[in-house]
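Fold and geometry: a report
Spelled out, the chains give:
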Amino acid sequence: TEETLENANKENEFQKIQLELINFTVEHFTLEEKLFLEFNYPEYASHKKQHLSFVELIKERFNSNYLKDTSTRKELVHFLWNWLASHISHEDKLYNEFLQQKQIDISGWLRSLIEQNQVAIDKAQLELYNKITRLTHIKEIVSENLYQAINNIWHVYNLSTGIPIVDLQHLWLIRMTLELDSACKNLTSKKREVVFRSIIKGAVQYAKDHFTLEERIMQKFYYNGYIPHFKQHQTFLEFVNRRYKEFKEGNIQAASNLVMDLKEWLLGHIAIEDKNMGVALRDFHGDIIAYTRDIIKSGELKIKKNQVDLYTKIMGIQTF
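Residues numbered from 1 in each chain as written. Predicted model: local features only at pLDDT ≥ 70, side-chain atom pairs only at ≥ 80, totals over all residues. Heavy atoms only, no water.

So, about the pattern of salt bridges. In this structure the tally under the stated criterion is 8 salt bridges. Across the pair Lys263 and Asp181 runs a salt bridge whose closest N-O atoms are separated by 3.1 Å. Of this pair, Lys263 sits in helix α11 (residues 254-280) while Asp181 sits in helix α8 (residues 164-186); the two residues are 82 residues apart in sequence, bridging distant segments of the chain. Residue class for Lys263 comes out buried when judged on its relative accessible area of 4%. The structure contains a network of salt bridges with shared partners spanning Asp181, Lys185 and Lys263. (Salt bridge = Lys/Arg side-chain N within 4 Å of Asp/Glu carboxyl O. Helix = DSSP H or I, 4+ residues; strand = E, 2+ residues; numbered from the N terminus. Buried < 20%, exposed > 50% of the residue type's maximum accessible area, 1.4 Å probe, protein only.)

Here the structure, examined in full by the defined rule, presents 24 aromatic pairs. Seen in terms of ring centroids, Tyr41 and Tyr95 are 6.2 Å apart; in terms of plane orientation they differ by 70°. Their pairing is edge-to-face. One end of the pair, Tyr41, is in the loop between α2 (11-38) and α3 (44-61); the other, Tyr95, is in helix α4 (residues 70-101), and 54 residues separate them in sequence. Judged by its relative accessible area of 14%, Tyr95 falls in the buried class. Taken together, a centroid distance of 6.2 Å and an interplanar angle of 65° make the contact between Phe239 and Trp265 edge-to-face. With Phe239 in helix α10 (residues 226-248) and Trp265 in helix α11, this residue pair connects regions lying 26 residues apart in the sequence. Its relative accessible area of 6% is what places Trp265 among the buried residues. Through a chain of ring-to-ring contacts, the aromatic side chains of Phe24, Phe29, Phe54, Phe79 and Trp83 assemble into a single cluster. Across from the ring centre of Tyr147, 4.5 Å away, lies the NZ or CZ of Lys313, which sits over that ring. (Phe/Tyr/Trp six-rings, centres within 6.5 Å; stacked < 30°, edge-to-face > 60°. Lys NZ or Arg CZ within 6 Å of the ring centre and 35° of its normal.)

The next point concerns α8. In an α-helix there are 3.6 residues to a turn, and that puts residues three or four apart on one side. Over its 23 residues, α8 runs 33 Å from end to end, which matches the ideal 33 Å to within 8%, given 1.5 Å per residue. When you tally the buried positions in α8, you get 18 out of 23 residues, the bulk of the element. (Expected span 1.5 Å × (residues − 1).)

Limitation: the analysis is restricted to geometry and does not speak to function.
Okay, structure coming up:
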């Protein structure tokens with residue numbers, strides 16, 4: 001809401017708003033687009049194009065320090081209200097009319113998605129729905145399909161750089177982020193601490209392996225944006241260390257804060273800066289693949305089988 005955004009004066013409140021928008025776009029757009037394909041909605045392509053436009057605008061608005069002052073927060077509110085008026089109240093009604101005209105009942109299809117853990121409904125969404133509709137037949141749904149969640153984020157936010165080794169490492173970071181997110185929502189404090197320690201260790205190792213490789217690629221192939229890109233890598237280590245310090249000091253929000261940091265990194269760095277790098281080095285992609293294969297063969301870079309398996313499953317190709 002506008003009041004929430006205007007009163008969001010603390011770092012974690014900025015991040016919570018951002019996290020909710022990220023979750024909304026991934027979960028809602030994925031579900032809608034599955035519905036369109038399942039029931040052959042004729043306006044699928046144009047509707048998906050509007051989803052992509054929304055995603056690009058959200059990525060742009062959450063890059064850097066966009067929400068740090070009142071005027072830009074108000075601009076975001078106006079954008080969201082316009083989206084409600086122009087898209088939800090018009091475009092979304094069109095596919096509802098299509099379903100009614102074709103006498104399509106999607107309730108059975110939705111039940112099957114729930115049974116397959118391909119949809120999630122959190123407590124906040126449920127409470128709002130019950131309060132507005134006064135209905136109580138819908139219950140909280142916790143999706144345990146990790147692969148599906150990774151796939152949704154990857155494709156909704158179009159995170160591929162076109163450089164296989166970079167994409168493989170990014171996918172692994174998404175996996176770690178979602179594992180910690182799930183632990184924060186579903187596990188007891190003791191079990192959550194175990195996951196948090198594991199993710200912190202994994203994030204540090206990720207920074208060591210991924211940033212070293214990425215920086216070598218940028219230098220070898222003369223990427224012009226190397227210096228600002230390198231500086232952003234330093235911020236990753238800074239927030240990981242900051243959240244670990246919070247954890248050691250007994251801050252119970254440390255794990256949730258790290259989830260927000262990591263998801264912000266997905267939008268602010270991977271979805272923009274790394275994509276830009278991939279585009280700038282597009283003519284060298286073949287050479288980069290050969291270069292990284294040599295590094296792997298020499299033992300300078302080690303990749304795990306489960307990382308390759310995840311990459312292959314999401315991308316549908318094997319290149320290592």
